[in-house]
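# Coordinate analysis (summary)
Chain by chain, the residues run as shown.
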Amino acid sequence: MRHGIYRVYVGARYNDVPLKTKDNRLFYVVSGEGAISFGAKTHKLIAGSLVLFKSGTEYRWNVGDMQVCIVNFDYTFSARDKERSSPIPSAEFNNSGYEPHFTFPDMQSLDSPVVLNGAFLLSEKVKELVAEIHINDSRRDELLSSLMRSLLITIARMHESEI
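Everything in this summary refers to the structure shown in the same document. (Residues numbered from 1 in each chain as written. Predicted model: local features only at pLDDT ≥ 70, side-chain atom pairs only at ≥ 80, totals over all residues. Heavy atoms only, no water.)

### Some words on the pattern of salt bridges
Pairing of side chains with opposite charge becomes possible as their charged atoms draw close. The cut-off we apply is this: The term salt bridge refers to a pairing of a side-chain nitrogen on Lys or Arg with a carboxyl oxygen on Asp or Glu at a separation within 4 Å. Segments assigned H or I by DSSP are reported as helices when at least four residues long, segments assigned E as strands when at least two residues long, and all are numbered from the N terminus. Under the scheme applied here, a residue whose accessible area is under 20% of the maximum for its type counts as buried, over 50% as exposed, and between as partly exposed, the area being computed with a 1.4 Å probe on protein chains only.
By the definition in use, this model includes five salt bridges. The shortest N-O distance in the salt bridge between K54 and D111 comes to 3.3 Å. Of the two residues, K54 is situated in the loop between β5 (50-53) and β6 (60-74) and D111 in the loop between β7 (88-89) and β8 (114-116); the sequence distance between them amounts to 57 residues. On the basis of relative accessibility, which here comes to 8%, the residue K54 falls in the buried class. Where R140 meets D141, a salt bridge forms, and the shortest distance between an N and an O atom there is 3.8 Å. The exposure class assigned to R140 is partly exposed, which follows from its relative accessible area of 23%.

### Some details on the packing of helix α1 (residues 123-133) against helix α2 (residues 140-162)
Spelled out, the test is: In this description, a line fitted to the C-alpha atoms serves as the axis of each element, helices being fitted only across the stretch in contact, and the angle between N-to-C directions of two axes falls anywhere from 0 to 180 degrees. Should an angle fall under 35 degrees it is taken as roughly parallel, and over 145 as roughly antiparallel, whereas 65 to 115 is taken as roughly perpendicular and any remaining angle as oblique. Rotating anticlockwise by less than a right angle from the far helix to the near helix defines a left-handed crossing, while the corresponding clockwise rotation defines a right-handed one. Here a residue-residue contact requires only that any non-hydrogen atoms of the pair lie within 4.5 Å. Residues were grouped as follows: Ala, Val, Leu, Ile, Met, Phe, Trp, Tyr, Cys and Pro as nonpolar; Asp, Glu, Lys and Arg as charged; and all remaining residues, including Gly, as polar.
Between α1 and α2, the shortest axis-to-axis distance is 10 Å and the interhelical angle comes to 165°. When the interaxial angle is binned, α1 and α2 end up roughly antiparallel. Relative to α2, the crossing made by α1 is left-handed. Here K125, V126, E128, L129, E132 and I133 of α1 lie close against α2, whose contacting residues are R140, L143, L144, L147, M148, S150, L151 and T154. Across the contact of α1 with α2, the residue classes break down as eight nonpolar, two polar and four charged.

### Some details on α2
Put simply, the rule is: Expected span of a helix, by definition, is 1.5 Å for each gap between consecutive residues, and there is one gap fewer than residues.
Under the 1.5 Å per step criterion, the end-to-end length of α2 is 33 Å for 23 residues, consistent within 8% with the ideal 33 Å. Regarding α2, the residues found buried are L144, L147, M148, L151, L152, T154, I155, A156 and H159.

Here's what the structure looks like:
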């Protein structure tokens, strides 16, 4: 699994612009509030909200000032040497070069975008990923893959209990 972790402020420049990314995304809202839309459905986001979706998924932000931890990743190492990209306006998105749509047979609830509010339990798992990304040794990728798998299982369980 390739990954990148960023702690950034999402500001007004992306407001209501349909976007897509070439990699899978996980957003954890550290502070502030706003909303994210997938199609016609809009989800309110507050500190402790978690959002997960696959590459090529169209989304729109509606935020004032929100600090977000972003984990971008692929499941297959197929993008190991590809340049990571910022969100791309949907109208400019080229379907070539984005991560394959990987599915987990045991976690089918992750096939569609997931939004969890009040996911404070997951903040420790996200923080652990952030800490490990900065350790550069031969065991890092294996550990990060295990941590990400654990996080995805927890997200799937939480999401399935809501639906």
